[in-house]
Amino acid sequence: MMTDDFFRARLDQMIDLRHPLAVLARRMPWGQLEAVLGPTFQRRDREGRVVAVDDLFGPSLQTVGGGVSAAGRPRLPIRLMASLLYLKHAFNLSDEAVVERWSENVVWQYFSGQEYYEPRLPCDATQVGRFRKAIGEAGVEELLRATVDTAVVTQAVRPQEFERIIVDTTVQEKAIAHPVDSRLLELARAKVVQAAKAVGISLKQTYAREGALLRRKAGGYAHARQFKRLRRVVKRQRTILGIVLRAVQRQRAQVSGVASATALSHLDTLWQRAERIRTQQPKDKNKLYALHAPEVECIGKGKARKPYEFGVKASVAVTYAQGLMVGARTFPGNPYDGHLLHAQLEQTTILLEPHAIAPQQVLVDLGFRGVDADNPKVEIIHRGKYRSLSRRQRRWLKRRQAIEPAIGHLKQDHRMDRCWLQGALGDALHAVLCAAGYNLRWLIRAVLRGRIKPRFWPLWLRAWLVYWPSPAATARLRPRFERLDLTLPPTASAGQMLSNVG
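All figures in this text were calculated on a predicted structure; none of them were measured in a lab.

(A) Looking closely at the pattern of salt bridges. In total, this model carries 20 salt bridges according to the counting rule given. With a shortest N-O distance of 3.1 Å, Lys88 and Asp95 are connected by a salt bridge. Here the two residues Lys88 and Asp95 agree in accessibility, since each one is buried. Among the salt bridges present, the one from Glu161 reaches Arg158, with a minimum N-O distance of 3.8 Å. Accessibility expressed as a relative area gives 51% for Arg158, which makes it exposed.

Here you go:
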């Protein structure tokens, strides 16, 4: 193939085009993603401001600063950033690791839309997080929808399979340490003292040395199961934290006009959370389990090996036959499983909207009992109705547990076991991106099994039509090219045409 760069070879000449990611690079709806996500990054039209100008023609009023500004660095391609999110969750990598591996992997660069090999990083790792936050929950759902559309277009899954899905819930744990009272009290004391010093508050006593000693004693007493001594240590830690909080509160008004508003706001937030930690009791509701993540909840799913998990409840929906992810959402507040079924089906219906199909039967466990009236358009099947089920429905119910290994792969292979993103929005984005990464690996396996074929024949046929154009053949084959999203190029040499193949 011809190349425009004399010193570099094209990526399609360096890799095997039958590689699963190379096949998916030509089958994913990148144009659709760019059309949907593009308006988010368009430059805004500013109104401008009116200023008085005195020139040769006398004083006048003019509007300055209006219109669309061309200043600033141009944004990176949307396909590149979207592919980085796909690869991050498909191969269980951090933001830093995915950009480093991208600079070394030619197949990943081809998947991202690059034409030539780039030995440097595609972007800074922080830009991946900013892109993720900019597109929001609606944007990451578009990434999940693109994987579902690819599976349908490539005939790896039939649209009729979306009529029967399996829904289950799990816990997406947050990246926090186990919430022990002694640790939370000592951490709250240290953070409040640090924030107070940042705004100019000088404390007479910070209890840093005694706090570290009490923390070490608490760990030893808990390990030795000496709970009476442990309670005395925790009580002293609460007392120390209360002394520090009252000292900071007395001097807070003196620095209100001196310190910056950001530092004062940070101090006030830490003070309120530390007070919650100091006053909460073991049996209280809405407890604070992490100083930096107040949205974390304690959820018990009845597991013998892990009685309590600290994070947010997440719901997952997969197809009955092939196990393709067609929905993933988080539900703060630890609601009853049955009450979140309607919202999960709503998301799944929106994702399947381009295919004009909606779920008709839903296979669930006993946690979803009693919500048939809230979902009149779907048939809810669980083993609590076993006597009233038909023979076909009982056969369907035997596959309900197929979602359990899918959840296990989401956690172990696609980063759902620990969410490092900040806030409730980070929890929501992380769950959907984990499902998108799962679907990408699902598509890779479909390519390896031969369910998705490399599409080479339209490209060679197009080259033949350019080399030997025939009006009758062109008119007869044009509808087929339009169905494949291919356009017949203008008459040119075969070498020039083949330089753009791939």
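(B) Here's a closer look at the nonpolar core. Formed by 97 residues in total, the largest nonpolar core has its most connected members in Leu24, Tyr86, Phe111, Leu143 and Phe162. Per element, the largest residue contribution to this core is 14 residues, and it comes from helix H15 (residues 423-448). With sequence-adjacent residues up to four places away left out, Phe111 is seen in contact with Leu21, Leu24, Ala25, Met28, Trp30, Arg79, Ser83, Tyr86, Leu87 and Leu440. Counting 32 residues, the second-largest nonpolar core is a separate cluster that includes Val193, Val233, Val234 and Leu288.

(C) A look at helix H2 (residues 20-27). In terms of burial, H2 is a largely internal element, 8 of the 8 residues being buried. Where H2 is concerned, the buried positions are Pro20, Leu21, Ala22, Val23, Leu24, Ala25, Arg26 and Arg27. In this fold, the buried residues of H2 make contact with helix H3 (30-37), helix H4 (78-90), helix H6 (106-111), helix H7 (125-153) and H15.

(D) Highlighting unusual backbone geometry. Unusually for a residue other than glycine, Asn286 sits at a positive phi of about 55°. Tracing the backbone shows Asn286 in the loop between helix H11 (261-279) and strand E6 (297-299). With relative accessibility at 74%, the residue Asn286 sits in the exposed group. Non-glycine residue Ala356 carries a positive phi angle of around 55°. Mapped onto the elements, Ala356 comes out in the loop between helix H12 (341-351) and strand E9 (361-363). By relative accessible area, Ala356 is classed as exposed at 74%.

(E) Local environment of the packing of aromatic side chains. The full count for this structure, using the stated rule, is 5 aromatic pairs. Look at Phe41 and Phe131: their rings are 5.3 Å apart centre to centre, the planes differ by 5°, and that puts the pair in the stacked class. One end of the pair, Phe41, is in the loop between H3 and strand E1 (45-46); the other, Phe131, is in helix H7, and 90 residues separate them in sequence. Using a relative accessible area of 26% as the deciding quantity, one classes Phe41 as partly exposed.

(F) Region of interest: the environment of Arg75. Relative to the helices and strands, Arg75 resides in the loop between strand E4 (67-68) and H4. With 33 residues separating them in the primary sequence, Arg75 and Gln42 have C-alpha atoms 9.4 Å apart.

Parameters at a glance
Residues numbered from 1 in each chain as written. Predicted model: local features only at pLDDT ≥ 70, side-chain atom pairs only at ≥ 80, totals over all residues. Heavy atoms only, no water. Salt bridge = Lys/Arg side-chain N within 4 Å of Asp/Glu carboxyl O. Buried < 20%, exposed > 50% of the residue type's maximum accessible area, 1.4 Å probe, protein only. Core = buried A, V, L, I, M, F, W, Y, C linked by side-chain atoms within 4.5 Å. Helix = DSSP H or I, 4+ residues; strand = E, 2+ residues; numbered from the N terminus. Contact = heavy atoms within 4.5 Å. Phe/Tyr/Trp six-rings, centres within 6.5 Å; stacked < 30°, edge-to-face > 60°.

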